[in-house]
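Structural description and commentary
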Amino acid sequence: MILIIDFGSQYTEVLHRVVRETGAAVSVVAADSDLAPFLSKRQEIKGLILSGGPQSVYAANAPAVDPVWFDGSQPVLGICYGMQLMAHLLGGKVTRGRNAEYGPAQLRIVNEKDCPLPAGLLADQVWMSHGDHVEILPDGFEMIAASEDGLNAVMWDDSRRLLGLQYHPEVIHTVNGKRLIEYFVTQSCGINASQVSSKYLEKSADLLKKQLAEIETGSEVICALSGGVDSTVAATLISREIGNRLHCIFVDTGLLRKDEFRGTLELYRAKLNLNVHPVNASELFLERLKGVTDPEQKRKIIGKTFIDVFESESKKLSHCRSLVQGTIASDVIESSHSSSQAQVIKSHHNVGGLPEKMNMKLIEPLRHLFKDEVRALGRELGIPEDFIGRHPFPGPGLALRVLGEITADRLNLLREVDRILIEQLKTDNLYNAVWQAFAVLLPVKSVGVKGDGRSYDSVVALRCVGSRDGMTADWSKLPLDFLGTVSKRITNEVSGISRVVYDITSKPPATIEWE
Ligand code: XMP
């Protein structure tokens, strides 16, 4: 098997997925757990992967491993923090550089002769996310490739079969990353991987069975339905098993896009056989969010309000103790609920935003899947493209996109801008070329000149990104003519907007949503 030691990287679950997809058996263990049982059965471990992590190797209490793992008994792949830790423990020097490297980078191979990998695997774009780097290599290592800034990006010790990568091969934006991991597993570690099923219904069967066993026989169940792909797939999966005992609660939070609630409700009624109950709770959400500007506070308030609404709806049923949510792997990871070493990036409303005490048991059949996997599962279930092909939309909705205070007027202003962006993407056949697109209302005003008069109005940012799973993303290089048309339409058609800017930041270092 391949053993992954997790130092709290945002991408450990992505890494887990990529290794699993090679067909190899794989175990993930937290760096602070007891690794002695694994050391005692070392002959079964054909390869070790050290994940990235948020710490610096020289910080007090930085997680580490026993250097005995580096004695050559099995190949080791150290990624980012994992590479730095290997260098640090073996006598090299790790420092914080003048510049950090986040997002896209190009590698320069400096030592082809000693490179343990087919050269093509290191060519092309890679994805970085680090402040520290290995300045001095430990004895026995060769530098194989450098980043554009000349920093050590790939190091290799041939006698002990230790490979260090400063970048993240596991994320989709590293062009040859998946092939590199496959090479490590099959060639470096010599694992004859077995065939993996590509059917998500099959892969999800065990978890689904366990989750269904949590539901009391004959009881009724509530499902948090948002109109998006995740909750629609979760609802369909469960309703296939328990039929109309599943009550899907579709909440108008007052934080949805223009005409979204009505349009989606019609779509559910026309295209899917789900037992949908619409609930208008917009006043409650907006009242509780009054005056709140802090992003985490907004998320917590929204998470709690959703649960209050679901609990109140569950009381209208005869016997209901369970709540189905379409929580997916990225929600769990970013809320730091996947690993003891990971940091909270943002509290997703359905995980980190939940209240401490709840009267309902959570049923989350998609917790192990990423967005693209949920889409594949949805297609297997026969859910129409109207749902599957939709851009992701976060549960807290426009609350994360109205920066600063949320008021009905500011929401309406944003809705108009957002409508134009989405409409124009569809008109120009670009909607499916981007993974997610939306507008953000900034809490700043700027001066303009309209019809010979001075204006002092709001600024909006447009955010269009490409991604696979939401864990990494790049800004979409949309045609300039398209951007020009959208900007012109927004400033001409929406009064109250003086300026339109386009967000050209990747994730990392930014996130997709602004809050
Ligand atoms: P970030 O902003 O973290 O977003 O790069 C990654 C993906 O997750 C969505 N997102 C959420 N979805 N509840 C959700 O259902 C949330 O609280 C939440 N926060 C972010 C975001 O829209 C993007 O697709």
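Residues numbered from 1 in each chain as written. Predicted model: local features only at pLDDT ≥ 70, side-chain atom pairs only at ≥ 80, totals over all residues. Heavy atoms only, no water.

Topic: the side chain of Gln325
Looking at where Gln325 falls in the secondary structure, it is placed in the loop between strand S14 (320-324) and helix H11 (329-334). Polar contacts involving the side chain of Gln325 include one to the main-chain carbonyl oxygen of Asn350, which spans 3.0 Å. Excluding residues within four positions of it along the chain, Gln325 makes contact with Ala234, Asn350, Leu354, Leu362, Ile363, Glu364 and Pro365. (Helix = DSSP H or I, 4+ residues; strand = E, 2+ residues; numbered from the N terminus. Polar contact = N/O pair within 3.5 Å; in protein donor to acceptor, adjacent residues only side chain to side chain. Contact = heavy atoms within 4.5 Å.)

Some details on the sheet that holds S14
Pairing in this open sheet of 5 strands is parallel, and the strands run S13-S12-S11-S14-S15 from one edge to the other. With one partner strand each, in any of the chains shown, strand S13 (276-280) and strand S15 (361-363) form the two edges of the open sheet. Within this sheet the neighbouring strands show an average axis-to-axis angle of 30°, counted without direction. One ladder, built from 5 bridges, connects strand S12 (residues 246-252) with S13; its direction is parallel. Looking at the pairing, Asp252 lines up with Asn280 of S13. Helix H8 (residues 260-271) contacts strand S11 (220-225), S12 and S13 of the sheet and is inclined by roughly 170° relative to S13. (Pairing = 2+ DSSP bridges. Axes fitted to C-alpha atoms, helices over the stretch in contact; angles between N-to-C directions.)

Looking at the layout of surface pockets
Of the volumes computed, that of the second largest pocket is approximately 600 Å³. What lines the second largest pocket is a set of 28 residues, and nearest its centre among them are Gln10, Gly53, Pro54, Tyr102 and Ser129. Every element with two or more residues in the lining of the second largest pocket is listed here: helix H3 (81-89), strand S5 (93-106) and strand S7 (125-136). Take the lining of the second largest pocket: its biggest share by element is 4 residues, from S7. The residue inventory of the lining of the second largest pocket, partitioned by class, reads 10 nonpolar, 14 polar and 4 charged. Of the domains in this structure, domain 1 (2-188) and domain 2 (200-388) are the two that each give at least three residues to the lining of the second largest pocket. (1 Å grid on protein atoms, 1.4 Å probe; cavity = no way out; pocket = protein on both sides within 12 Å on 5 of 7 lines; lining within 4 Å. Points joined across faces, edges and corners; volume = space filled by probe spheres on them. Nonpolar A, V, L, I, M, F, W, Y, C, P; charged D, E, K, R; others polar. Domains from an automatic or database assignment.)

Observations concerning the site of the ligand
If you check the shell around the ligand, you find 17 residues, and the closest are Glu334, Lys346, Lys507, Ile512 and Glu513. Between Lys346 and the ligand, the recorded distance is 2.7 Å, taken from a side-chain N or O atom to an oxygen atom. For the ligand, an oxygen atom lies 2.7 Å from a polar atom in the backbone of Ile512. In the complex, 94% of the free accessible area of the ligand, which totals 490 Å², lies under the protein chains. Class assignment of the residues belonging to the shell around the ligand gives a composition of 5 nonpolar, 6 polar and 6 charged. (Near = heavy atom within 4 Å. Areas by Shrake-Rupley, 256 points an atom, 1.4 Å probe, with all protein chains shown as cover.)

Concerning the nonpolar core
Counting 50 residues, the largest nonpolar core has Phe310, Leu425 and Leu478 as its most contacted members. With 8 residues, the top contributor of residues to this core is helix H14 (residues 408-427). Structurally, this core is a two-domain feature, drawing no fewer than three residues from each of domain 2 (200-388) and domain 3 (407-502). When sequence neighbours within four positions are dropped, the list of residues in contact with Leu425 reads Leu430, Tyr431, Val434, Ala437, Leu478 and Phe482. Ala235, Phe261, Ile328 and Leu369 belong to the second-largest nonpolar core, a separate cluster that totals 35 residues. (Core = buried A, V, L, I, M, F, W, Y, C linked by side-chain atoms within 4.5 Å. Buried < 20%, exposed > 50% of the residue type's maximum accessible area, 1.4 Å probe, protein only.)

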